[in-house]
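What the coordinates show
What follows is each chain in one-letter form.
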Amino acid sequence: MELKNHSLAPKTGILRRVLQLINLRPEESDRTWLMFAFYTTTCIGLRWSEDTTVALFLDKYNADSLPWIYIASAVTGAVLVFCYSWLQKIFSLRWVVIGTVPCMFAVLFLLRQGLEVSYAAVITIFLLRLWVDASYVLNDLNTSIAANQLFNIQEIKRAYPLVSSGILVADILGGFSLPLLLMFVGLDGVIFPFASILIVLGAMILFYLTHNYRYAFPSVPNRLVSKVQSSSGRRLSTPLRHYALLLFAFFGLLQVIGIFIDFQYLAQLKSNYNEKDIASFLGLFGGVAGICELLVQLFLSSRILQRFGVFVTIALLPITVAIFALSLVILLSLTSATPQLPIFWGMVFLKFLDELLRYTFVLSSSPLLFQPIPDKVRTKIQALASGVAEAFGAGAAGALILITLWLVTQVIPQGKTVILIETIIIAFICLAVIWILRSHYVSLLVFSAGKKQLKGTDVDLRSFKQAVIKALKENTASGDRSSCIELLSELDPQGAEAVLAPLLIDLPPDLQQLSLEKMLQRGANPTYLTQVGQLLHEENSNNITPEVSALAIRYVYLAESHPDLRKLEEYLHGKRHSIVRATAAALLLRQGTPIQQLAATRTLRWMLTHKQERERINAVKALREAVYLQVLRIYIPSLLQDKSLRVRCAVLEMIAANRLEEYYGALISGLHYKSTRNTAMTALVQLENEVLEPLFQLATNISKPQTVRMFAWRTIGQISTLEASDTIWQYLGKSKGTTRDSILQTLLKIRQQSGNTILVDQFQEIKIKTLIHEELRFLGEIYATYIDLKIQGKVYANYVDFKSQPLFDNNQLSDKIIARGELLQRAILNLEIDVKERILRLLKLLYPMDKIQAATINIRSQSLANLARGLEILDHTVTLRSKPILLNILDRYPPEEKLQNLVENGIIEYQQMVIRERIHKLLLMEEFLSDWCLACCFHFAEVARISLEISHILRGLKHSTGFVREASIAYLSIVSPRVLVSILPQVRNDPHPLVVGQIDKFISRNEVNEK
């Protein structure tokens, strides 16, 4: 669907339209054209050299000698690639890239001179054919490495298909011009000077390119990379090793397929043409294939690559080769005799398909396979996995062809389709490697983007327990030992007691207290009575604190089946520490006789009303363990109003521990205040379903502050019951804007804590996809508002200024409207960020959280390279139909292009509106708007003289955020002062100082006007 008003589409010149046609962005164009020019000129020179040397070689040697060329090329290519990698340790990458092309020319020039020596011509032709093959390997490797330095992972998808089309242009120009050159200079005169001149010209372009973009290339050799960087990369060694081996296998198998097809193709040419005809046929074939490849490369490659991803794109070659080769084998097997003509044209067409896909889709996609690899080791791995693998593949293919030819002549004389069958088998193996490579590709992207989190399943508990015992026994830092206890209790709560109990007597007081608290969380166990009881025997020692004594008393008397309660009465004396007295009193309330309970009540009553804060706190803490509070309940209301925050927090914990339903409201109220919020949340979570209803009412009450509602949702999320989870999912679809954010954060927290690998069920998946579509529609609306304000802002400001002049003597009105309009535009762009974050949270519910989190971190980055990495992770993780739209939205396109994309995909319909109507439409989606964006709408409507609906104004006056109420009052003070006067009693006592200041300003202005 197109824009209904095309005047709103971005203004584009001819160059921009051309770039859009070939799917290229303006900021990438200079680098891309220079790379294209370099690659094209060198490839024309290499194309002329290749075709002439092939013709010379087939004239001096027959086609059966080709496997020896393949084997020799493999050795030569491997040596050159190793030299290429080794040179990076001596020179910077820029000089290695620049120096490669002149070296290609120098050796080619020397070998050409060797053709003049008659007795060395035969060996020179062999060496010349060998060097041209090696030059192709070096040139492709050099171009790929340079491109990976110049472009990020997303730019390569758009730019490299155009860069790699240089070889296709070279095929066309070089192919069609070669027969003309042969007519005038012959085979011996093509390489020098014609081919050599173009190779030198390519070297000059490359020098200019690397000079202009020096920042993209490391300025020091690899050997000077700091040890810090090297050690930081070691954690990636294992996944990198696996990934590099898979890349090696892929490029090697791809080369084997190409060599098999090339051998059969050249063998057919040798049997049908002479040397000069072979060169002419190769030139014309290259020209025709080049035209087809260029059309595919310019208009299809980058779009298919962006639409289907790198792995579908590279898999097209082995799939196509396997299908066509299999069809050819079946066709030949059905005929009794094997006619020469069908075999010849069948191999020509197979060669055409191989080159068409190899030099378009595969060549365009292959640099992307190296993008997940860290920059500091990428060029080395690329040289080895690409260059050496291709050389190895060529050698292996040559050896396999020699073995096959021997088998055909000696064992199976009729096996003329054996090499075709081998090609099919290799193609299927290549597909299997691509399938495995894909999973490693995404994993490496995610792994290099963020650190993995430690999970209990990743830890050897036996070894970990031994390490904890060793750490607790050694005189290490107390904080480190506390962390060990915390982690042990989290990873192995059942086995923690067995580790901690024997060590209690030797630990310092702070660790004794922590250990006992962790042991009591699992309940008092009679097995460890002896170890804990030792602490009571050492009670008079200076090493045992009152807090430890109280915990030990509690543990012992809860663990014993028939405890001696008379000893507990001794702890009620006033000389004891308050926490010990309170603990003993609580235990007596739970287990004692009526007389003992009376004594305990008397002690606790005295402590609860004591002037010292410590006494009151310890008494309240002790009541958490009491079963019956009896007459002590009457002190709770006064304790909730205690001047001490620590006392109030202790009371909230006690209410939850004793499940005092009549005071649940106090826990809900505790969420409103920052000082008591954490305590109230912990207490409410303990009560689980008992407080779900009041929490849900608070979370959905729009008159409450957003922060309070957010923490209400978080509290519901921490309640690990099915009813709580159902409540959250039920309200997710009804929520909008910031409320939806709070719910999504809650759901993600639940999933993260549970470690559940099952994402969502089918019903929830449909709901999430609907919400993503809803968010995309809202994005379309805010883009439309942004564009209308941007296009019409100044015109509308001048219009309002002109209409207001008779009534308002204010020449600055238009400037105010423009300023407020720009403020609203910035608020809209900030709102876009919020919506994109919300979409990423929705994706975390649908797909593995670690992958989406890694993508999110990279997308938030200011680095274009990191942004591209994040988008690539999403591209290989998300399977939604709207994935291309999501990637476009998350990329850094201007709002005009994003809106165009949404319209073209039918997400929304766009038609230009006057600003007044556009603001009205935006306010209809008030629940989606952020508080600041809503306030900016009121401020803009105030100066732009836009009449708003009464319902919008009333909701603004009752809004939970102070600056929104202030903005709505400011609007009313200009548009309808009488209405504002009538509601002054309701708004004058507003708690927010902004609102109070606005009311005072309005009253002062009214008083001046009345005078």
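Whatever comes next refers back to the structure up there.
To start, this report covers the structure provided alongside it. Please read these numbers as outputs of a predicted model, since none were measured by experiment. (Residues numbered from 1 in each chain as written. Predicted model: local features only at pLDDT ≥ 70, side-chain atom pairs only at ≥ 80, totals over all residues. Heavy atoms only, no water.)

**Topic: the overall build of the protein**
Scanning the protein from terminus to terminus reveals 46 helices and zero strands. Taken across its 1011 residues, the protein has 55% of its residues classed as buried. Within the protein, counting contacts between residues at least 6 apart in sequence, those at least 24 apart form 77% of the total. Here the protein displays about 46300 Å² of accessible surface, and carbon together with sulfur accounts for 58% of that area. (Helix = DSSP H or I, 4+ residues; strand = E, 2+ residues; numbered from the N terminus. Buried < 20%, exposed > 50% of the residue type's maximum accessible area, 1.4 Å probe, protein only. Contact = heavy atoms within 4.5 Å. Areas by Shrake-Rupley, 256 points an atom, 1.4 Å probe, with all protein chains shown as cover.)

**Description of the pattern of salt bridges**
All chains considered together, the criterion is met by 23 salt bridges. Here Glu613 ties to Arg646 by a salt bridge, and the two come within 3.5 Å at their closest N and O atoms. Placement of Glu613 in helix 25 (residues 613–623) and of Arg646 in helix 27 (residues 645–658) is noted, with a sequence separation of 33 residues between them. Given the relative accessible area of 30%, Glu613 is considered partly exposed. Judged by relative accessible area, Arg646 falls into the exposed class, the value being 55%. When salt bridges with common partners are traced through the structure, they connect Arg740, Asp741, Glu774, Glu775, Arg838 and Arg841 into a single cluster. (Salt bridge = Lys/Arg side-chain N within 4 Å of Asp/Glu carboxyl O.)

**Examining helix 21 (residues 546–559)**
Spanning 14 residues, helix 21 covers 20 Å between terminal C-alpha atoms, matching the ideal 20 Å at 1.5 Å per step. With respect to burial, helix 21 is a largely interior element, 10 of its 14 residues being buried. The set of residues buried in helix 21 consists of Val548, Ser549, Ala550, Leu551, Ala552, Ile553, Tyr555, Val556, Tyr557 and Ala559. Where helix 21 is buried, its residues touch helix 18 (493–500), helix 19 (509–521), helix 20 (529–537), helix 22 (565–570) and helix 23 (578–591). (Expected span 1.5 Å × (residues − 1).)

**Quick look at the environment of Leu34**
Inspection of the secondary structure puts Leu34 in helix 2 (residues 26–60). A C-alpha to C-alpha distance of 7.8 Å links Leu34 and Leu206, two positions 172 residues apart in sequence. Setting aside residues no more than four positions away along its own chain, Leu34 makes contact with Ile205, Tyr208, Leu209 and Tyr213.

**Quick word on unusual backbone geometry**
Most peptide bonds take the trans configuration, and most residues that are not glycine carry a negative phi. If you check the backbone angles, Arg659 has positive phi at about 50 degrees while not being a glycine. Checked against the element boundaries, Arg659 lands in the loop between helix 27 and helix 28 (664–670). Residue Arg659 is classed as partly exposed on the basis of its relative accessible area, which comes to 38%. Residue Glu688 is not a glycine yet carries a positive backbone phi of 55 degrees.

**A word on the packing of aromatic side chains**
One pass over the full model with this rule turns up 14 aromatic pairs. Ring centres 5.0 Å apart and planes at 80 degrees place the aromatic pair Phe311 and Tyr441 in the edge-to-face group. Within this pair, whereas Phe311 is found in helix 12 (residues 310–334), its partner Tyr441 is found in helix 15 (residues 418–449), the two being separated by 130 residues in sequence. Of the two residues examined, Phe311 and Tyr441, each falls in the buried class. Clustering of aromatic rings is evident, with ring pairs tying together Tyr243, Phe311 and Tyr441. Arg94 extends its terminal NZ or CZ atom over the ring of Trp95, reaching a point 4.9 Å from the ring centre. Between the NZ or CZ atom of Arg714 and the centre of the ring of Phe711, over which it lies, the distance is 5.1 Å. (Phe/Tyr/Trp six-rings, centres within 6.5 Å; stacked < 30°, edge-to-face > 60°. Lys NZ or Arg CZ within 6 Å of the ring centre and 35° of its normal.)

**A closer look at the packing of helix 35 (residues 813–846) against helix 41 (residues 931–944)**
Look at helix 35 against helix 41: their axes get within 9 Å of each other, and the N-to-C directions meet at 165 degrees. Taken as axis vectors, helix 35 and helix 41 run roughly antiparallel relative to one another. Crossing of helix 35 against helix 41: the hand is left-handed. Residues Leu813, Lys816, Ile817, Arg820, Gly821, Leu823, Leu824, Ala827, Ile828 and Leu831 of helix 35 touch helix 41, and the partners they reach there are Trp932, Cys933, Cys936, Cys937, His939, Phe940, Glu942, Val943 and Ala944. (Axes fitted to C-alpha atoms, helices over the stretch in contact; angles between N-to-C directions. Parallel < 35°, antiparallel > 145°, perpendicular 65-115°, else oblique. Left-handed = near helix turned anticlockwise from the far one by under 90°.)

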